[in-house]
Amino acid sequence: MPVSTENYDDEIADGKNVRTVKCSYCQSVILLPSSGSFIKSQFQLPLMKQNKTNDLDPKNELISSFWCVPDMYTFQNVGFSNTVGTTKFLACADCEAGPIGYHDLENGKSYIALPRVRHC
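My aim in this report is to walk through the structure given alongside it, one point at a time. What you see is a predicted model, and the numbers here were worked out from it, not measured in a lab.

Points about the sheet that holds strand E3 (residues 21-23)
Next, step 1: Taken together, 3 strands build an open sheet; the order of strands is E4-E3-E11 and the sheet is antiparallel. Each edge of the open sheet carries a strand with a single partner, namely strand E4 (29-31) and strand E11 (117-119). With direction set aside, neighbouring strand axes in the sheet form an average angle of 40 degrees.
Next, step 2: The pairing of E3 with E11 spans 3 bridges and is antiparallel. Across the sheet, Lys22 pairs through a bridge with Arg118, a residue of E11.

Below is the structure:
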């Protein structure tokens, strides 16, 4: 599975997001500047576009750069999926594109995958 190796140094200042985080598809605002903390952590997210086959297992991508959001009320426009184990997947609340990240039910934090959003 591919691992995102993009460099996001220009998007981070004092460990926070410098610019507004938006949906890559509809440009809806997800996070305002300085509301997410940058973390390096590996997590397997399902691909945003799955091949339509008879395969019941979704294909995943290993993501390693996230904006960590400790309170779900910090988001501007994010939807939460049904629970899968101890995880809820996050999607744009306006166009439903996703998953753009995940919510960990064990620690109560949400994680937005940097390669799945735009920074404007």
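There is more to say after this.
Side note on the pairing of strand E7 (residues 78-84)
Remark: a regular strand shows side chains that alternate across the two faces of the sheet.
Next, step 1: Here E7 pairs with strand E8 (residues 87-92) via 5 bridges, running antiparallel. The partner of Val78 across the bridge, within E8, is Cys92.
Next, step 2: The turn joining E7 and E8, which pair antiparallel and follow one another in sequence, is formed by 2 residues; a positive phi near 65 degrees is taken by Gly85.

Description of the pairing of strand E9 (residues 101-104)
Next, step 1: Of the two faces of E9, the one carrying Gly101 and His103 and the one carrying Tyr102 and Asp104 are both buried.
Next, step 2: As judged from the 4 bridges shared by E8 and E9, these two strands associate in the antiparallel manner. In the strand pairing of E9, Leu90 is matched with Gly101.
Next, step 3: Connecting E9 to the next strand, strand E10 (residues 110-113), in antiparallel fashion are 5 residues, including Gly108 with a positive phi near 75 degrees.

A look at the nonpolar core
Next, step 1: If you look at the biggest cluster of nonpolar residues, it comprises 16 residues, and the most contacted ones within it are Ile30, Leu31, Phe75 and Ile112.
Next, step 2: In this structure Phe75 touches Ile30, Leu31, Val69, Phe80, Leu90, Ser110 and Ile112, once residues within four positions along its chain are discounted.
Next, step 3: With 9 residues, the next largest nonpolar core counts Phe66, Cys68, Tyr111 and Ala113 among its residues.

Structural notes on the side chain of Ser65
Next, step 1: You can see Ser65 is positioned in strand E6 (residues 60-69).
Next, step 2: For Ser65, a relative accessible area of 3% gives the class buried.
Next, step 3: A distance of 3.3 Å separates the side chain of Ser65 from the side chain of Lys40, its partner in a polar contact.
Next, step 4: In this structure, Ser65 is in contact with Tyr8, Phe38, Ile39, Lys40, Ser41, Ile112, Ala113, Leu114 and Pro115, ignoring residues within four places of it in sequence.

Rules behind the numbers
Numbering of residues starts from 1 in each chain and follows the order in which that chain's sequence is written. For a predicted model such as this one, the threshold for reporting local features is a pLDDT of at least 70, and the threshold for listing and counting side-chain atom pairs is 80 or more; totals across whole chains, interfaces and linings nevertheless cover every residue. In computing side-chain properties, one takes all heavy atoms of the structure into account and sets aside hydrogens as well as water. DSSP-based pairing: two strands are paired if at least 2 bridges between them are found. The secondary structure listing takes helices from DSSP runs of H or I that are at least 4 residues long and strands from runs of E that are at least 2 residues long, numbered from the N terminus. Helix axes are fitted only over the stretch in contact, all axes being lines through C-alpha atoms; the angle between N-to-C directions runs from 0 to 180 degrees. For every residue, the accessible area obtained with a 1.4 Å probe (protein chains only) is divided by the maximum for its type, and the residue is called buried under 20%, exposed over 50%, and partly exposed between those limits. Side-chain atoms within 4.5 Å are what join buried Ala, Val, Leu, Ile, Met, Phe, Trp, Tyr and Cys residues into a set we call a nonpolar core. Only heavy atoms matter for contacts: two residues are in contact if any of them lie within 4.5 Å across the pair. A 3.5 Å cut-off defines polar contacts: any pair of N or O atoms within that distance qualifies, except that in protein one atom must be a possible hydrogen donor and the other a possible acceptor, and neighbouring residues in sequence count only when both atoms are side-chain atoms.

Geometry only, nothing functional implied.
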